[in-house]
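Remarks on the overall topology
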Amino acid sequence: MRSAGLVMGKSLGYLRTTCATALAAVLGACANLPPLNEATAQAARPCRAFFAQLDDRIAAAGVGDAGYARIPGYPYLRADRFLASFAHEVADGRAFDAWVDGLRLRDLEARRAELRNLGAADADALLARSAACGAELAQLELASPARRADLRARVRVPDDYAWTARVLGFYPAAVPFLNLGIRRYHAAVRRDYARPLATLDSPGPLMVWVPARTADTADDADGALAAAPRDALGIPQLDAQVWRRLVERHAPVWWIETGGDYDRPGAPRWDRHGRPGVDPAHPVVYYRTDYTRLGKAVLPTLSYIVWFSERPPQKTLDPYAGALDGLIWRVVLDPWGQPLVYDSIHPCGCYRYFFPAQALQRQAQGGFWQEPVLFPQADVPPPPLALRIQSQTHALRRVVAAAQAQGERRHYVLQPYAALLTLPHEAGSRSLFGPDGLVAGTERGERWWLWVAGVPEPGAMRQWGRHATAFVGRSHFDDVRFLEQQFAVPEWAR
């Protein structure tokens, strides 16, 4: 059973990656699009040919980026779950234009990394032409009402579950056993959180990692958010300076039980053998700025990702051990810039916890066919916060006031998440993540039996936008309505 599961999991993952790479180029060229008049079609051909040739080169080199979903037939646009959620809400006019602008920017963000990793000498010129051709094609093609309707119908982000694996693994029969393991894990976490903070054990010294700030966080970043103009989709328009002030203001303190080098945060890197690792000499925490939706409100989110070199084995044949490990901490801000909800996962998408920062009415959740998330701590103090991290497992054990974190203090540097997409490599640069969104070499032994849940390579580290978070049911860390799955919509968001 173990070997069969391993082979099946790898085969499905390979098939998914191969099909996605091939279809991105094929569908972009030959998707059955609504026809344009001859003059418009003729004007669009040079840019269409440019994108087809460029995507062929990217696919052949194996440097495609999996963070955003390509849109069949529209090679100059890509989507995430946030923008995809507007597909059936945007009528013609300013809202549609703002939506398309967002889709274009996501394509350019992905292409910037792809072109650098391609090693093209003229990467900057290719990116500039991608921007110009994207704008030209959007203007030419999306002037057609039929094309606009077609685009709205095509924009979607596939989920990260393989139904074939669930069928072949007799998923309905596996669910009772999966639920049993989830309940046992949740009970163990609750027991640990019930312990007094002073009794938490540590195999080594407690290290307190604090952010090295570069912005003046005493500035009124909250006021800047509240006063920010909103586009036709209701998205706050924040400049880079305001985002950075918010990021630094809410960056957590990492209070880490340090039993070895595997507990020291660092910058991911590729070694000379092409294996992933972490350089603890460069303590870095990566951040992402995004948006989510709650009722009628569009809310900013700040995510912080810390990486460790490994999760070391705690026993012989430990199925959860392997190269690279980490933790993702997300802050959802309300419209006035105050923390509304915190949540966290590991970069594998596993171990999801919620920590409400404000009084919110909980929704009924979970059940036999949907894995519940865990609310391990009843109360969260006001910021600044410290996150107590367990040695070896890097589990989040407690959220406390930063002043409570005692130990040797060191600084970490904040860097944009995009830096992970172009890490130094003997070939020039490579993304930490493959075209399938996974980090090669971070496979875990748990995949031998958890493949039946339909999650490709369960336990492996993966790229933002590819975090399936449930083994029972379906859930993603970037689900655009994830707050409404757990909480009633407050009055101010209705």
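On a predicted model such as this, the values are computed, not experimentally measured, just so you know.

1. Observations regarding the packing of aromatic side chains
Tallied over the full model, the rule gives 21 aromatic pairs. Considering the side-chain rings of Phe375 and Phe487, the 5.9 Å spacing of their centres and the 85 degrees angle between planes classify their relative orientation as edge-to-face. Highlighted residues: Phe375 in the loop between strand S11 (353–356) and strand S12 (385–389) and Phe487 in the segment after helix H12 (482–486), separated in sequence by 112 residues. Here the two residues Phe375 and Phe487 agree in accessibility, since each one is buried. Ring centres of Tyr417 and Phe433 lie 6.1 Å apart, and the angle between their planes is 20 degrees; this geometry places the pair in the stacked category. On the criterion of sequence distance, the pair formed by Tyr417 in the loop between strand S14 (408–416) and strand S15 (423–425) and Phe433 in the loop between strand S16 (428–430) and helix H11 (447–450) is long-range, its members being 16 residues apart. We note that Tyr417, like Phe433, is buried. One aromatic cluster is present, built from ring pairs that chain together Tyr193, Trp329, Tyr342, Tyr353 and Phe355. Cation over ring: Arg166 sits above Tyr171, and NZ or CZ is 4.1 Å from the ring centre. Arg330 extends its terminal NZ or CZ atom over the ring of Phe477, reaching a point 3.7 Å from the ring centre.

2. Notes on the pairing of strand S10 (residues 339–345)
Of all seven residues in S10, seven are buried; the element is thus mostly enclosed. Bridge analysis of strand S9 (residues 322–333) against S10 gives six bridges, and the strand direction is antiparallel. Within S10, the position partnered with Arg330 by the bridge is Asp343. Between S9 and S10, which pair antiparallel in sequence order, lie five residues; one of them, Gly337, sits at a positive phi of approximately 85 degrees. Note that S10 and S11 share four bridges and pair antiparallel. Within the sheet, the bridge partner assigned to Asp343 lies in S11 and is Phe354.

Conventions used here
Residues numbered from 1 in each chain as written. Predicted model: local features only at pLDDT ≥ 70, side-chain atom pairs only at ≥ 80, totals over all residues. Heavy atoms only, no water. Phe/Tyr/Trp six-rings, centres within 6.5 Å; stacked < 30°, edge-to-face > 60°. Helix = DSSP H or I, 4+ residues; strand = E, 2+ residues; numbered from the N terminus. Buried < 20%, exposed > 50% of the residue type's maximum accessible area, 1.4 Å probe, protein only. Lys NZ or Arg CZ within 6 Å of the ring centre and 35° of its normal. Pairing = 2+ DSSP bridges.

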